[in-house]
Amino acid sequence: MEKKAKKITFEDALEELEAIASKLESGELTLEQSIQYYERGVELAKFCRQKLEEAERKIEVLQKQPDGTVQKKSVKVKEDTGEIEDDEDIQGSLL
Amino acid sequence: MIEEIEHTETVYSVSDITGILKQLIESTPELNGVWVKGEISNLTYHSSGHIYFSLKDEGAVIQAVFFKHANKHLDFKLEEGMSVVVFGGVTVFEKRGSYQFIVYKIRKEGLGELLQKIEKLKEKLHKEGLFAPERKKPLPALPKRIGVVTSPTGAAIRDIIKVAMRRFPNIEIILAPAKVQGEGAVESIVTGIQELNNPQWGVDVIIAGRGGGSFEDLMAFNEEAVVRAFAGSRVPIISAVGHQIDHPLSDLAADVAAPTPSAAAEIAVPVKAELIAAIDNYTMRMMRRLTMMVQSFANRIMLIVRRRVFQNPMSLVENYELALADAENRIQALTHKCITDTKERLSRVRDLELIIKNRLQNYWHIFMMNVSKLEHLSPVSVLKRGYSITLKDSQIVSSIKKIHQGDTVRVIVYDGSMQCDIQLVNEEVSFGKKG
């Protein structure tokens, strides 16, 4: 189960989690099955929460270098509003 | 002739005729939803917000009305003598007995050709299947990194960053800076889309577009190379060109079309708090259900445990013990009764002995009395009292008829016998005195 959870996508995990919640609520399961589903659900919920924290909050802009390669550089923004702190930061060109 | 008409034909009112005319004109396809080329004259910007003008060419003139609700999207100022292409339809104004052209859109002349060119390209790409629904890729539910192709100086990128961060605070955004209008815009946009498709940037979804502008400003997003870049994007792509009326072709080629860059960010980026709430909700529902189940089992176990047997296991034996003691008591009592009864009966047997003895004694007594009675009856005692027995030939003589004179008889008395000879037989019986 652990391995399988690592491979699936966030939306698959969320969908399965919802299905498990519904399945449990249906009352069709034995106690043992319920515990198995519950364990799987907890696994999926954990996986989903991890996925939500994977992104690292960064704004970047691509810039073509004199040598022809493309590099990214960071753009500072205000955490609360998302406003760009220095307009110079975001200037660039790929041509 | 006139009289004949008056008598046989229906007479219409002016309103009837105008009504028929109105219906006829307004239901004619060639007069509605059409583009008309002409020159503006008698232009009036009315205080109500409506714009009135005449549209004319060398041979004809038609009155035109551009109502407020339709002209609010107009992005240039109309001028007297301006060559334009208008889109709309002819309608009849009954009160004045006139017809006029109701305008929905106006383009400067020259745009007409451009529109035709776009229409042709659209047709061509459509035939190629570039806009086919089955080509559309689904957007990821949880993109980690958003790629944006737009101008670094415009409002679009700023709007996107704000909206995206508000929805998902730890989102990652990478901008491919592009020129979105004028010289070099096409090449710039195409390069941006292609660059962001490079796996090294780890982009999950692309937003390519710009804020609103005039028809000409948005032209880059109608260019074949740009439209093809949208269609060819490996990464799911959202066309985000601010527009009022006409969709740019990029909208058709993209996986999703958004009316503005802000809207595109809303489509691309989920609200993190909502996702967390959903996960929490599912988790809570699962937990609640399982807790309920476990609780119900626990209750059942409690009920079983509360039964007396488990509370006091000795009670199981107690009953038997009681029964056993009872049985013992009953056996004892019975045995005792048996013994007592037997004893009593035995004692009764001893009494019987006594009774028998008594009875025997009685019998003995009676017997002895009878014996003494018998003694009285014995001939000896009779003889003792003076009686005698006369025998003849050993036979007792009880009557004179058996005796004859001269017979010898034996007379037995108490203490001996005598032999006597019969001298006389007398039938009379007398004792002493008479004889």
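Residues numbered from 1 in each chain as written. Chains lettered and ligands numbered in written order. Predicted model: local features only at pLDDT ≥ 70, side-chain atom pairs only at ≥ 80, totals over all residues.

This part takes up the interface of chain B and chain A. Taken together, the 39 residues of chain B in the interface contact 41 residues of chain A. With 13 residues, the top contributor of residues to the side of chain B that touches chain A is helix H10 (residues 272–306) of chain B. Note: strand S1 (residues 58–64) of chain A against strand S7 (residues 172–177) of chain B, four bridges, orientation parallel. Across the sheet, residue Lys-58 of chain A finds its bridge partner in S7 of chain B, namely Glu-172 of chain B. (Contact = placed C-beta atoms within 7 Å. Helix = DSSP H or I, 4+ residues; strand = E, 2+ residues; numbered from the N terminus. Pairing = 2+ DSSP bridges.)

All names here are of chain B. At a minimum axis separation of 8 Å, helix H5 (residues 155–167) and helix H9 (residues 261–268) run at an interaxial angle of 30°. Two packed elements cross with a definite hand, and for H5 against H9 that hand is right-handed. The residues of H9 that touch H5, namely those facing Ala-156, Asp-159, Ile-160, Val-163 and Ala-164, are Pro-261, Ser-262, Ala-264, Ala-265 and Glu-266. Per-class residue counts for the contact of H5 with H9 are seven nonpolar, one polar and two charged. (Axes fitted to C-alpha atoms, helices over the stretch in contact; angles between N-to-C directions. Left-handed = near helix turned anticlockwise from the far one by under 90°. Nonpolar A, V, L, I, M, F, W, Y, C, P; charged D, E, K, R; others polar.)

Summarising the model, chain A shows a mean pLDDT of 87, and 94% of its residues fall at 70 or more. Under a pLDDT of 50 for its full length, residues 1–5 of chain A has, in the predicted model, seven contacts with residues more than four places off or in other chains. (pLDDT = per-residue confidence, 0-100.)

Residues three or four positions apart in an α-helix share a direction because the helix packs 3.6 residues into each turn. Across its twelve residues, helix H6 (residues 185–196) of chain B extends 17 Å between first and last C-alpha, which sits within 8% of the 16 Å expected from 1.5 Å per residue. For H6 of chain B, a buried count of ten out of twelve residues is recorded, marking the element as mostly surrounded by other parts of the structure. All buried positions along H6 of chain B are accounted for by Ala-185, Val-186, Ser-188, Ile-189, Val-190, Thr-191, Gly-192, Ile-193, Glu-195 and Leu-196 of chain B. Check the buried side of H6 of chain B and you find it contacts S1 and strand S2 (70–75) of chain A together with strand S6 (145–150), S7, strand S8 (205–210) and helix H7 (224–232) of chain B. (Expected span 1.5 Å × (residues − 1). Buried ≥ 20, exposed ≤ 12 C-beta atoms within 10 Å, placed from the backbone.)

Here helix H2 (residues 14–26) of chain B is 13 residues long and its end C-alpha atoms lie 18 Å apart, about the 18 Å a rise of 1.5 Å per residue gives. For H2 of chain B, the tally of buried residues reaches only zero of 13 residues, placing the bulk of the element at the surface.

Right, let's get into the sheet that holds strand S5 (residues 98–108) of chain B. Residue and element names in this part refer to chain B. With respect to topology, five strands assemble into a closed barrel ordered S1-S2-S3-S5-S4, the strand pairing being mixed. Strand-to-strand twist of the sheet, defined as the mean angle between neighbouring strand axes without regard to direction, takes the value 55°. Here strand S2 (residues 51–56) runs beside strand S3 (residues 61–66); their pairing, made up of six bridges, is antiparallel. Paired with Ser-54 across the two strands is Gln-63, which belongs to S3. Its contacts with the sheet put H2 on strand S1 (32–45), strand S4 (83–93) and S5, and the angle it makes with S4 is roughly 145°.

Let's shift gears to the nonpolar core. Ranked by internal contacts, the top residues of the largest apolar core, which has 62 residues, are Ile-160, Ala-164, Ile-189, Ile-206, Ile-207, Phe-230 and Ile-238 of chain B. For this core, the element with the most residues is H5 of chain B, which contributes seven residues. With 17 residues, the next largest nonpolar core counts Phe-10, Ala-13, Leu-24 and Phe-47 of chain A among its residues. (Core = buried A, V, L, I, M, F, W, Y, C linked by C-beta atoms within 7 Å.)

This paragraph deals with the pairing of S6 of chain B. Residues and elements named next belong to chain B. With five of its six residues buried, S6 lies for the most part within the structure. Bridge count for S6 against S7 is six bridges, and the pairing is parallel. When the sheet's bridge partners are listed, Thr-150 is paired in S7 with Pro-177. Once the chain exits S6 it traverses H5 before rejoining the sheet at S7, and the crossover so formed is right-handed. Pairing analysis gives four bridges linking S6 to S8, with the strands arranged parallel. Within S8, the residue paired with Val-148 across the bridge is Ile-207. (Right-handed = clockwise from strand over helix to strand, strands pointing away.)

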